[in-house]
Each structure stands twice: as structure tokens, then as C-alpha cells.
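Coordinate analysis (summary)
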Amino acid sequence: MTIQNFYPIGSPGVAWGPVEFAQWLSRQSRQRSYGADVLGAVDALRSRFEVVEYGQLDYGPDHYPLVAIKSRPWRDKLPVALVTGGVHGYETSGVHGALQFIERHASAYEGRINLLVAPCISPWAYERIHRWNPEAVDPNRSFRQNSPAPESAALMGLVEPFDVLVHIDLHETTDTDETEFRPALAARNGVDFEPGTIPDGFYVVDDTENPQPAFQQAVIAAVAKVTHIAPADENGQIIGSPVVAPGVITYPLKKLGLCAGMTHARYTTTTEVYPDSPRATPEQCNAAQVAAVCAALDFALVKK
């Protein structure tokens with residue numbers, strides 16, 4: 001089934017031009033504060049961790065310092081773990097789950113693995129509860145050479161010097177994926193919108209080119225103690241992809257320009273929490289992200 005004229009901007013079958021992009025941008029408004037929610041939380045961690053500013057986004061009158069948290073002391077002989085959140089700014093538990101992990105659990109890994117945590121990759125989108133940046137570009141399809149998204153380019157520059165063993169990229173799948181973001185994408189590109197279904201529960205995305213099934217199952221098992229795992233639909237799929245194990249699908253991460261494919265890490269996973277479920281609370285969503293990070297680190301440290 002397709003819906004030809006679903007989104008209120010643009011004309012069916014015609015990709016957006018400057019007028020449509022301007023109309024879309026005029027509809028976006030600040031709804032929360034990156035400074036208060038993220039920078040304030042990061043500042044509170046400065047006595048325990050190194051905080052690095054790895055870039056700044058300048059969008060009109062708005063200026064956003066990009067910050068990451070590093071282990072202190074950093075030991076060159078230890079493996080490196082990368083945790084990323086807020087690549088899509090509207091996916092709230094990715095941001096707060098990353099911060100909660102650092103605050104409550106990072107000390108347990110001191111001397112075992114170097115931690116590099118970028119909790120909010122897309123601050124403009126975080127404030128506007130959106131998927132794209134103000135140029136209507138999806139940062140999570142932009143982790144590639146000559147990236148069109150400065151958010152993605154800045155993070156790649158931060159991470160490039162490090163030999164990463166494990167990368168956990170924290171995301172959500174929400175009801176607004178179907179009601180707003182996928183319809184907007186279809187309208188932007190001048191194609192028909194084809195409705196899909198939103199899975200009720202947590203799942204992860206493995207790398208088609210570097211599958212690590214035992215690693216993914218360790219993450220699923222840990223999160224299942226916190227919140228429910230998404231079942232496959234009637235076609236044996238989750239968001240249109242075959243389920244290869246309970247709660248696990250695969251994507252070609254590098255080919256799609258996804259954040260989880262930006263390094264050569266042996267172990268990578270993209271978590272997907274479902275915050276709109278009547279069976280989950282915001283606290284559970286944050287806890288699920290934290291459980292995923294801890295399980296991923298624990299597995300990688302044993303198997304490295």
C-alpha cells in the first residue's frame with residue numbers, strides 16, 4: 001500500500017526544492033535544552049573523567065559545542081570502547097542512557113578498557129526532537145567520506161585515531177517514525193510513502209558484513225531482564241528485515257553510512273528501544289540502554 005500525498009509539504013512525486021526545505025525548517029522549534037540536559041550533565045562528570053570538545057555546530061543563531069567523555073587516565077595499552085547516543089536527536093534514551101552509563105557504571109571498567117562516550121551527536125535535533133539536522137540531512141546515513149552532515153564528520157574526526165574494539169550505538173524506534181519521519185523522507189525525495197509497522201520491544205542491528213551472533217545475543221539476554229524484546233512480525237521480520245535470532249536483524253552498516261559502521265571494530269551493535277510501548281517507562285528505556293552497553297563491554301572483554 002502506498003500513500004501518495006501524506007506529508008503536508010511538497011507535491012506528490014516531486015522532490016523538495018529550496019521553497020519546501022524552507023517550509024520544513026520553519027516548522028521546527030526548540031522544545032528542550034541541550035545545554036541544560038546534556039552539557040550540564042557532562043559538566044558534573046568533569047571531576048571523574050576527561051571531557052573533550054571535538055567540534056562545534058553553527059546553525060544560524062545557534063551554536064552547539066560537541067562534547068565527548070573519555071576515561072581518566074587513558075591507558076594506551078587497553079582496548080577502546082566507543083558509545084554513541086543521540087545520532088538521531090529525538091531518540092531520547094540513547095542520550096540519557098549514555099550519560100547514565102557513565103555516571104553509574106563506567107568506574108567498574110576502569111583499568112580494563114578505555115571508554116570514549118559521545119552522548120549527543122546531534123544537539124540541534126535533540127532540542128527539536130527531530131531525526132534530521134537543519135539541512136534535512138539524516139546524520140545516521142552520513143558516516144562516510146565527504147559526509148554531508150557536520151555532526152557525522154565531527155564524530156568521525158574524533159574517533160579516527162583510535163583502534164576501537166567495541167562500538168555500541170544507542171537508538172530508539174518510535175511511533176513517530178511512521179507518523180512523521182518516514183513520511184517526511186518520502187516527501188523530501190519525491191517518492192510514495194509505503195507504511196510499515198513499529199515493533200513493540202527492544203531489538204538490535206548486527207552488521208551483515210561482520211556478524212557477531214553470540215555478541216548480539218549477550219546484549220539481548222541482558223536487556224530482557226529490563227524490558228521486553230521485540231517479536232518478529234507475521235513475515236518473520238522486524239522493520240522489514242528478516243529476524244536472524246530473537247531480537248536481532250542485520251544491516252550492511254558501512255554501505256548505508258550508519259554510525260555503527262564508522263570504525264573497524266570487531267564488535268558493533270545498534271540498539272533500538274521502543275519508548276512508546278505501554279509496557280515500558282522512560283526509566284526502563286534508559287536502563288535498557290545501560291544494560292546493553294554493560295553487556296557489550298563484558299562480552300568484548302572476555303572474548304577479546
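Details of the structure are given in the entry above.
1. With respect to the side chain of D62
If you trace the backbone, D62 turns up in strand β2 (residues 62–70). Among the polar contacts listed, one links the side chain of D62 to the side chain of R30, at a separation of 2.7 Å. Once you skip the residues sitting within four places of it in the chain, D62 turns out to touch R30, L57, W124 and R128.

2. Some points on unusual backbone geometry
Between R72 and P73 the backbone carries a cis peptide bond, its omega angle lying at 0°. By the secondary structure assignment, P73 is in the loop between β2 and β3 (80–85). Even without being a glycine, A136 presents a positive backbone phi close to 60°. Counting through the fold element by element, A136 comes out in the loop between α4 (123–128) and α5 (150–159). The exposure class assigned to A136 is buried, which follows from its relative accessible area of 2%.

3. Quick look at the pairing of strand β6 (residues 203–207)
Of all 5 residues in β6, 5 are buried; the element is thus mostly enclosed. Burial of the side chains of β6 extends over both faces: Y203, V205 and D207 are buried on one face and V204 and D206 on the other. Where β6 lies against strand β10 (residues 267–273), 3 bridges are found, and the strand directions are antiparallel. By the bridge assignment, V205 is partnered in β10 with T270. Here β6 runs beside strand β9 (residues 248–251); their pairing, made up of 4 bridges, is parallel. Bridge pairing in β9 places V204 opposite V248.

4. Quick word on the sheet that holds strand β4 (residues 114–118)
Across the sheet, 8 strands lie side by side as β1-β2-β4-β3-β5-β10-β6-β9; this open sheet has mixed pairing. On the outer flanks of this sheet lie β1 (50–59) and β9, each paired with one strand and no other. In this sheet, adjacent strand axes meet at a mean angle of 20° when their direction is disregarded. In the sheet, β3 pairs with strand β5 (residues 164–172) via 6 bridges, with the strands oriented parallel. Across the sheet, residue L82 finds its bridge partner in β5, namely H167.

Here is what the cut-offs are and how they apply
- Residues numbered from 1 in each chain as written.
- Predicted model: local features only at pLDDT ≥ 70, side-chain atom pairs only at ≥ 80, totals over all residues.
- Heavy atoms only, no water.
- Helix = DSSP H or I, 4+ residues; strand = E, 2+ residues; numbered from the N terminus.
- Polar contact = N/O pair within 3.5 Å; in protein donor to acceptor, adjacent residues only side chain to side chain.
- Contact = heavy atoms within 4.5 Å.
- Buried < 20%, exposed > 50% of the residue type's maximum accessible area, 1.4 Å probe, protein only.
- Pairing = 2+ DSSP bridges.
- Axes fitted to C-alpha atoms, helices over the stretch in contact; angles between N-to-C directions.

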